[in-house]
Amino acid sequence: MDVLFGRNKKEQLEPVKAKVRGQIPPWLQGTLLRNGPGMHTIGESKYNHWFDGLALLHSFAIRDGEVSYRSKYLRSDTYNANIEANRIVVSEFGTMAYPDPCKNIFSKAFSYLSHTIPDFTDNCLINIMKCGEDFYATSETNYIRKINPETLETLEKVDYRKYVAVNMATAHPHYDAAGNVFNMGTSIVDKGKTKYVMFRIPAEVPEAKGKGKRSPLTQAEAFCSVPSRSLLSPSYYHSFGITENYLVFLEQPFKLDILKMATAYIRGVSWASCMAFHPEDKTYIHVIDQRTRKPMPVRFYTDPLVVFHHVNAYEEDGCIVFDVIAYDDSSLYQLFYLANLNQAFEQNARLTSAPTLRRFALPLRGDQNAEVGSNLIKLTSTTARALKEKDDQVYCQPEFLYEGLELPRINYSYNGKPYRYVFAAEVQWSPIPTKVPGLEVLRLSDRNGKIGGQEGDASLGQDKLEVVMDCPRKGAVPKAVQLGQEARAGIYPLMSLLSTSCVPQCGRTQVQGPPKACTLSSMEGTTYYVLALSDGTHCFFKNDF
Ligand SMILES: CC1=C(/C=C/C(C)=C/C=C/C(C)=C/C=O)C(C)(C)CCC1
Ligand SMILES: [Fe+2]
């Protein structure tokens, strides 16, 4: 694994022809630009995290059935300073570094904390953004780097702060059909306020007399802002959703701690260590109307979760539907520490929660007559619910669509519109062998279903799984092992992975849930499930579908 992840990649400056298997359709012409970490060690020094590596730009030029590939390191100030010093001198997400004392070329990141937070990196390794005719390598700090899409040469360094008041911005902007860019960023303790700022960069800029072509960034416009719930701990976010008329932003309980960031440099700890998941908090769902440029007043919220990637969002029958890949904790970042990406990866680097594709639905119009507790979603296309609560609050429960996938892509011409396909990488994970003490998958081979617990029956309905089992200890509430959460009442469709429900019935507990909800292992057609009970014991059952 470390060979794959931690190895420094060589640039390929001269285009090389790729071997093409099969045939590339003649209409497929253009250049695919990609970005990502390429160099993980400089001299004797090593980055700690995979998201720290120096940006390597890749281009795949596709013409007349042929593909030619080239790659080049982004010549960021960070790259140049590191190479010159032959060590890491600029801090990245997971690595705190110290500049050469006599070459302090870097200014400060936040003006109000100017003495403590050094300037952020311009190692733009995450994505590529198109602004009008220009291409930029992007990360999540205030810096982006213009690049030449043909030669992959590095051009000017642009500071977003010159155009919009943000200290960091996402690397996943959206585009409309005309090529206008929509993005958002966080403005930290600026004039005593911390807020999330939504901004638009037009695709075209009218030429100013005598000034020639101007960058679309000069016309960037902040069109809305949402105050952060907390001045010193704004949420971290990696992307957001957009529909034809709305923007969807999740203010999740995965937060940056600005005071920790302010002392990180003197404490010698990384930015990553200044981020924390707060499972006791909620996830607030903000909806911004692009026409009024204002957030909707309804307070939508859901359970604590961590989302990196929004997949798509759209409007349907007076509702906003949006799909995200969500985790129940922040274990994803842990997984990518290079020390975890070693040969023992299979054993020691586990996600403790699965990335699941979840669909949320939000009502666009309030129903004054709806009773408290009622579901405001009348769509037949989803089982996602939005429950009316007192004080204008709406509690959203997603539909679980699929488990174990990340890095989602869609056909972008369906962005913001109803769509059918998600293309994503499968993520294999299973925390069970490490999470349930004293249990080994091997022991399941005795196939009697009585390993340490009591046997129940499972039967597969047309669209749901129903499991009836004895609850060994009265008052012990079933928990799904993978979730580590108490099961909730309700009936779930087959695809609602990870959901279980529990309805106590005459000393027995009926558990309904989808087949993969708590899969332990599958042997010769038999799948074993395990439910962890709140008293710390486990129940088992099996099926022979
Ligand atoms: C340097 C730096 C940051 C960088 C974050 C990065 C580089 C995140 C990459 C995330 C990815 C690739 C997620 C994939 O799902 C912060 C935390 C914004 C702020 C502090 C300075
Ligand atoms: Fe991403």
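Before any of the text, the structure's been laid out above.
A brief structural summary. A quick note: this is a predicted structure, and the numbers were derived from the prediction, not measured. (Residues numbered from 1 in each chain as written. Chains lettered and ligands numbered in written order. Predicted model: local features only at pLDDT ≥ 70, side-chain atom pairs only at ≥ 80, totals over all residues. Heavy atoms only, no water.)

## A few points about the packing of aromatic side chains
- Following the criterion strictly, the structure yields 19 aromatic pairs and no others.
- The interplanar angle of 90 degrees and the centroid separation of 5.4 Å between the aromatic rings of phenylalanine 120 and tryptophan 271 together place this pair among those described as edge-to-face. Of the two residues, phenylalanine 120 is situated in the loop between α2 (77-85) and β8 (127-131) and tryptophan 271 in the loop between α3 (258-267) and β20 (275-277); the sequence distance between them amounts to 151 residues. Of the two residues examined, phenylalanine 120 and tryptophan 271, each falls in the buried class.
- Where tyrosine 237 meets phenylalanine 249, the ring centres are 5.0 Å apart and the plane angle is 75 degrees; that geometry is what we call edge-to-face. One end of the pair, tyrosine 237, is in the loop between β16 (221-227) and β17 (241-242); the other, phenylalanine 249, is in strand β18 (residues 246-251), with 12 residues separating them in the sequence. Taken individually, tyrosine 237 and phenylalanine 249 each receive the classification buried, so the pair is uniform in this respect.
- Directly above the ring of tyrosine 284 sits arginine 229, whose terminal nitrogen or CZ lies 3.6 Å from the centroid. (Phe/Tyr/Trp six-rings, centres within 6.5 Å; stacked < 30°, edge-to-face > 60°. Helix = DSSP H or I, 4+ residues; strand = E, 2+ residues; numbered from the N terminus. Buried < 20%, exposed > 50% of the residue type's maximum accessible area, 1.4 Å probe, protein only. Lys NZ or Arg CZ within 6 Å of the ring centre and 35° of its normal.)

## Here's the deal with the environment of histidine 40
- You can see histidine 40 is positioned in the loop between β3 (37-39) and β4 (41-42).
- Separated by 372 residues in sequence, histidine 40 and tyrosine 412 have C-alpha atoms that sit 32 Å apart.
- Discounting chain neighbours no more than four positions away, the residues touching histidine 40 are Phe5, Gly6, Arg7, Asn8, Lys9, Ser45, Lys46, Tyr47, Trp50, Gly53 and Leu338. (Contact = heavy atoms within 4.5 Å.)

## Brief notes about the side chain of lysine 255
- Topologically, lysine 255 is positioned in strand β19 (residues 254-256).
- Looking at lysine 255, its side chain comes within polar contact range of the side chain of aspartate 281, at 2.8 Å.
- With sequence-adjacent residues up to four places away left out, lysine 255 is seen in contact with Ser233, Pro234, Ser235, Tyr236, Cys274, Met275, Ala276, His278 and Asp281. (Polar contact = N/O pair within 3.5 Å; in protein donor to acceptor, adjacent residues only side chain to side chain.)

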